[in-house]
Amino acid sequence: MNQQVYNWQIGRKMSYPHAEAHPEWQFAFCFNLNRCIGCQTCTMACKSTWTFSKGQEQMWWNNVETKPYGGYPQFWDVKVLQLLEEANPGAQKWARKGEEFTFEGKTIFEAAEKRVGLEPERVLGYLPTDEEWRFPNIYEDTAVSRKGKPMTFDPEGTKLPEHKTRFFYLARICNHCTYPGCLAACPRNAIYKRHEDGIVLIDQERCRGYRKCVAACPYKKVMYRPTTHISEKCIACYPRIEGNDPATKGMPIQTRCMTACIGQIRLQGLVRINKDGSWAEDRYNPLYYLIRVAKVALPLYPQFGTEPNGYYIPPRWVPRGYLRQMFGPGLDEALEKYRVPDRELLAVLQLYQRTKEIIVRYEIKEGKKVYETVIHGKPFTLYNDTIVGYNKEGKEIVRTQVEEPFYVRPDKHQNSI
Amino acid sequence: MMRRKIYFDPILVEEVVFLEINRAEKSGNISLSKRFFSERERLYEQKRDAERGGDSFHSFYVRYFQELGFQSIFEKAIASFNILCGIELSVIVLRVWRDQDEGAELYGDDERKTVRISIRVTRFFDRESLSGFLDQELLHISDLLDPAFCYPENSFLGEASLGGLSDMENNVIRGRFRLLWNIYVEARLQKMGKKRLMTTEERRKEFETSFSHWSREEIDRVFARLISGSSFAFEDLVELARNARLAKPIGLGGLRCPLCHFPSYQGITNWEGSRHVVELIKRDFPSWESAEGACLQCYELYCVPFSHERRAMS
């Protein structure tokens with residue numbers, strides 16, 4: 001019997017196979033897709049740490065796919081959207097009430113309830129085939145473009161606000177959802193969400209390889225390993241989150257994929273959760289600020305209904321319709337804010353990968369005005385503010401400026417300018 | 001009685017059985033899936049982590065693979081080819097991920113032969129298509145073993161020289177040979193009352209594209225012979241696959257440039273007004289006759305020194 005739980009990302013209560021129970025802290029991350037260069041350093045950092053042994057061929061807990069065509073497994077998102085559309089034709093829509101949006105369609109849990117079958121399913125999903133798992137980076141760098149003419153460039157191809165020739169990289173790990181599809185589907189209750197940090201894990205002793213989780217996870221971030229006959233997934237590098245890495249003396253440290261990111265697209269942290277599942281007010285936590293205050297970072301496919309805890313700053317050159325489907329109705333506001341960032345947002349964006357430790361609080365020290373200009377018809381003033389990040393113990397772990405420091409090389413080297 | 005053994009890739013067997021049980025469950029056979037999962041749960045309880053993947057899982061899946069009738073499809077397919085029944089044979093069935101990796105290869109010596117069949121898991125869920133695929137691949141293997149087909153011994157088609165003057169030309173001949181062989185195989189399968197993977201019309205289209213340099217009459221004649229059930233040997237098919245025009249020089253109705261030996265559709269045969277170029281070519285190729293022609297690239301190459309010499313003289 002399904003329960004009613006509140007999902008803030010879709011603005012309403014929804015049906016879920018388990019009763020509400022929330023962790024004290026929630027693992028969360030915010031990726032800035034405008035910065036990702038698709039180098040796959042994150043992918044390899046994860047792979048070389050956790051999934052290198054026999055049977056690892058399909059274990060890509062972290063992957064970076066080229067959108068719109070790429071996907072691992074192939075077309076995972078299109079397939080889930082299609083299943084939902086088939087279950088609720090023409091009604092997968094968002095409604096606006098004042099400033100708030102509500103999803104009026106069916107989530108993967110609600111759509112499954114309506115399915116008439118011999119064996120009732122808890123979650124609407126599908127099991128990808130071999131063909132769909134075969135290439136982790138299929139369609140890499142493959143762009144959408146207008147039909148071209150030989151030996152000519154499209155002069156309109158890369159004009160903002162929306163590029164006509166385009167692709168973007170979508171970096172993905174497990175979203176450690178608030179209402180995980182994998183957890184809901186497991187017939188053995190082998191999947192659990194940790195009370196201390198909301199990380200979703202598979203109990204390797206309990207798992208019996210039913211693969212219901214593989215079918216149920218709409219993001220397809222649970223993978224079955226045939227050599228051990230059990231399923232595996234991203235563990236959010238929990239020993240690092242627990243502070244067991246000797247480098248940080250007991251302080252939580254960001255995951256391998258985050259700290260390896262050379263494009264500095266990733267910021268990972270922990271957000272405090274109230275007993276009722278809402279986010280505790282934590283105004284100066286960088287993730288809280290980006291997601292709940294500035295609202296510049298959005299969940300991936302919120303309409304699936306799992307309340308994912310991975311958030312993305314959408315790429316600003318991609319057509320809005322495509323992005324709205326992917327990130328929900330908050331898209332326009334998020335892009336507007338990112339295109340012409342205010343003083344605080346610009347400062348917080350400097351915190352990305354300046355330290356390996358998890359920043360739980362930031363502070364901005366105001367600096368001098370550098371210049372004024374107009375961006376996309378809006379006034380913009382740049383201040384050289386300093387932003388300071390603190391760890392769980394309140395100790396300063398990072399200090400950086402909005403304007404990058406400028407160093408002049410002394411005139412004593414042969415190649416000095 | 002000759003010995004025959006079929007070895008199945010354990011991961012292929014597990015995947016096929018698991019997905020077939022899921023399909024059965026979805027189509028209403030709940031009792032089968034309940035029995036399967038409850039038996040499988042017991043295996044997990046008996047085994048510790050380190051031992052998983054061992055023999056008990058394998059024999060469990062093999063049992064269901066047999067029960068679901070997959071093993072017998074392979075056995076029946078092999079038994080329907082006399083040549084394969086008359087030798088010591090091992091068949092290894094491996095899982096591949098892509099359709100272009102599917103196929104069968106023959107290995108071994110005079111004493112014992114091994115056939116490797118590479119196959120995708122999804123092929124098992126359409127049993128008719130699975131049988132069709134096996135028949136097609138096994139008839140190719142039978143041909144390799146058939147003395148009448150005269151396949152050159154110890155030769156891999158992928159590496160063999162097929163009489164072309166370059167690797168590129170050998171590749172083209174190989175592609176055409178494969179098509180001819182497939183048509184020949186499918187025609188015989190049809191005669192045997194077996195399913196074919198492509199229709200005659202589809203093959204005919206492919207044939208016309210690959211042999212577009214032939215006249216309509218020649219295409220009709222050869223295609224009719226291939227599907228009539230006439231007997232062909234390896235060398236007959238290779239001979240058809242070769243392009244005779246590549247052996248002749250450009251000026252004599254062929255495509256080959258007598259100077260660089262590359263095939264070309266743009267040949268020079270009329271040398272009027274280019275006497276100096278002819279002399280320059282003859283300086284390097286004394287036995288060359290202008291009637292043999294040359295490709296446009298070679299012609300241009302010799303035009304350049306000619307124009308330099310003329311500029312130097314003026």
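Parameters at a glance
- Residues numbered from 1 in each chain as written.
- Chains lettered and ligands numbered in written order.
- Predicted model: local features only at pLDDT ≥ 70, side-chain atom pairs only at ≥ 80, totals over all residues.
- Heavy atoms only, no water.
- Patch = residues over 30% accessible without salt bridge, like charges linked within 9 Å, V, L, I, M, F, W, Y side chains within 5 Å.
- Areas by Shrake-Rupley, 256 points an atom, 1.4 Å probe, with all protein chains shown as cover.
- Salt bridge = Lys/Arg side-chain N within 4 Å of Asp/Glu carboxyl O.
- Lys, Arg positive; Asp, Glu negative; His and termini not counted.
- Charge placed at Lys NZ, Arg CZ, Asp CG, Glu CD.
- Helix = DSSP H or I, 4+ residues; strand = E, 2+ residues; numbered from the N terminus.
- Buried < 20%, exposed > 50% of the residue type's maximum accessible area, 1.4 Å probe, protein only.
- Contact = heavy atoms within 4.5 Å.
- Buried area = accessible area lost by both parts, 1.4 Å probe.
- Polar contact = N/O pair within 3.5 Å; in protein donor to acceptor, adjacent residues only side chain to side chain.
- Pairing = 2+ DSSP bridges.
- Axes fitted to C-alpha atoms, helices over the stretch in contact; angles between N-to-C directions.
- Parallel < 35°, antiparallel > 145°, perpendicular 65-115°, else oblique.
- Left-handed = near helix turned anticlockwise from the far one by under 90°.
- Domains from an automatic or database assignment.
- Arc of directions from axis to C-beta.

Focus: a negative patch on the surface
All names here are of chain B.
Now for step 1: Together, Asp-109, Asp-110, Glu-111 and Glu-153 give the surface a local cluster of negative charge.
Now for step 2: In this structure, Asp-109 sits in the loop between strand 3 (103-108) and strand 4 (113-119).
Now for step 3: Of the residues examined, Asp-109 reaches a relative accessible area of 45% and is grouped as partly exposed.

Describing the interface of chain A and chain B
Now for step 1: Contact residues are listed per partner, giving 26 residues for chain A and 27 residues for chain B.
Now for step 2: At the boundary of chain A with chain B, total buried surface from both sides reaches about 2,300 Å², with 49% on carbon and sulfur atoms.
Now for step 3: It is Asp-130, Arg-208 and His-229 of chain A that lose the most area in chain A upon contact with chain B, and together they represent 27% of the buried surface on that side.
Now for step 4: Residues Glu-41 of chain B and Arg-188 of chain A are paired through a salt bridge, measuring 3.2 Å at the closest nitrogen-oxygen approach.
Now for step 5: There are 12 residue pairs in polar contact (both at pLDDT 80 or more) connecting chain A and chain B.
Now for step 6: Looking at the side of chain A that touches chain B element by element, the count peaks at 3 residues for helix 4 (residues 130-133) of chain A.

Structural notes on the pairing of strand 18 (residues 386-390) of chain A
Residue and element names in this part refer to chain A.
Now for step 1: Here strand 18 lies mainly inside the structure; 5 of its 5 residues are buried.
Now for step 2: The two faces of strand 18 match: Thr-386, Val-388 and Tyr-390 on one face and Ile-387 and Gly-389 on the other face are all buried.
Now for step 3: Note that strand 15 (residues 361-365) and strand 18 share 5 bridges and pair antiparallel. By the bridge assignment for strand 18, Ile-364 is matched with Ile-387.
Now for step 4: Inspection of the sheet shows strand 18 paired to strand 19 (residues 396-401) by 5 bridges, in the antiparallel sense. Residue pairing across strands places Gly-389 opposite Val-398, the latter belonging to strand 19.
Now for step 5: Linking strand 18 to strand 19, which pair antiparallel, is a turn of 5 residues; within it Gly-394 sits at a positive phi near 85°.

Remarks on the sheet that holds strand 19 of chain A
All names here are of chain A.
Now for step 1: Spatially, 3 strands are ordered 15-18-19 in an open sheet, and the strand pairing comes out antiparallel. In this open sheet, the two edge strands, each paired with only one partner strand, are strand 15 and strand 19. Strand-to-strand twist across the sheet, computed as the mean angle between neighbouring axes with direction ignored, equals 20°.

A few points about the packing of helix 2 (residues 30-46) of chain B against helix 3 (residues 55-67) of chain B
Residues and elements named next belong to chain B.
Now for step 1: Helix 3 packs onto helix 2 with a crossing angle of 165° between their chain directions and a minimal axis gap of 10 Å. Judged by the inter-axis angle, helix 2 sits roughly antiparallel to helix 3. Seen from above, helix 2 lies across helix 3 with right-handed handedness. Listed contacts from helix 3 to Leu-32, Arg-35, Phe-36, Glu-39, Arg-40, Leu-43 and Tyr-44 of helix 2 are Ser-56, Phe-57, Phe-60, Tyr-61, Arg-63, Tyr-64 and Glu-67.

Looking at unusual backbone geometry
Residue and element names in this part refer to chain A.
Now for step 1: For the bond from Tyr-72 to Pro-73, the omega torsion is -5°, close enough to zero to count as cis.
Now for step 2: On the secondary structure map, Pro-73 appears in the loop between strand 4 (63-67) and helix 2 (76-87).
Now for step 3: A cis amide bond links Leu-160 to the next residue, Pro-161, at an omega of 15°.
Now for step 4: Its location among the elements puts Pro-161 in the loop between helix 4 and strand 7 (168-172).
Now for step 5: Backbone geometry places His-229, a non-glycine residue, at a positive phi of 65°.
Now for step 6: As for its placement among the helices and strands, His-229 is situated in the loop between strand 10 (222-225) and strand 11 (230-233).

A few points about the domain arrangement of chain B
Now for step 1: Its domain assignment divides chain B into domain 1 (4-125), domain 2 (167-242) and domain 3 (250-313).
Now for step 2: Averaged C-alpha coordinates put domain 1 of chain B and domain 2 of chain B at centres separated by 33 Å.

Overview of the side chain of Asn-62 of chain A
Residue and element names in this part refer to chain A.
Now for step 1: With respect to the secondary-structure elements, Asn-62 resides in the loop between helix 1 (41-50) and strand 4.
Now for step 2: Judged by relative accessible area, Asn-62 falls into the buried class, the value being 1%.
Now for step 3: Among the polar contacts made by the side chain of Asn-62, one reaches the side chain of Thr-43 at a distance of 3.2 Å.
Now for step 4: Reaching out from Asn-62, the side chain makes a polar contact with the side chain of Arg-266 at a distance of 3.0 Å.
Now for step 5: When residues no more than four places from it in sequence are discounted, the contact partners of Asn-62 are Cys-42, Thr-43, Cys-46, Arg-172, Ile-173, Lys-221, Cys-257 and Arg-266.

A closer look at the pattern of salt bridges
Now for step 1: Tallying each qualifying case throughout the model produces 49 salt bridges over all chains.
Now for step 2: Salt-bridge contacts for Arg-242 of chain B lead to Glu-235 of chain B; the nearest nitrogen and oxygen are separated by 3.5 Å.
Now for step 3: When its relative accessible area of 24% is taken as the criterion, Arg-242 of chain B is described as partly exposed.
Now for step 4: Using a relative accessible area of 41% as the deciding quantity, one classes Glu-235 of chain B as partly exposed.
Now for step 5: Connected via shared salt-bridge partners are Glu-65, Lys-67, Asp-77 and Arg-172 of chain A.

With respect to helix 10 (residues 320-327) of chain A
Now for step 1: Of the residues making up helix 10 of chain A, those classed as buried are Arg-320, Leu-323, Met-326 and Phe-327 of chain A. For helix 10 of chain A, the arc enclosing every buried residue in end-on projection is 125°, short of the 170-degree limit, so these residues lie on one face.

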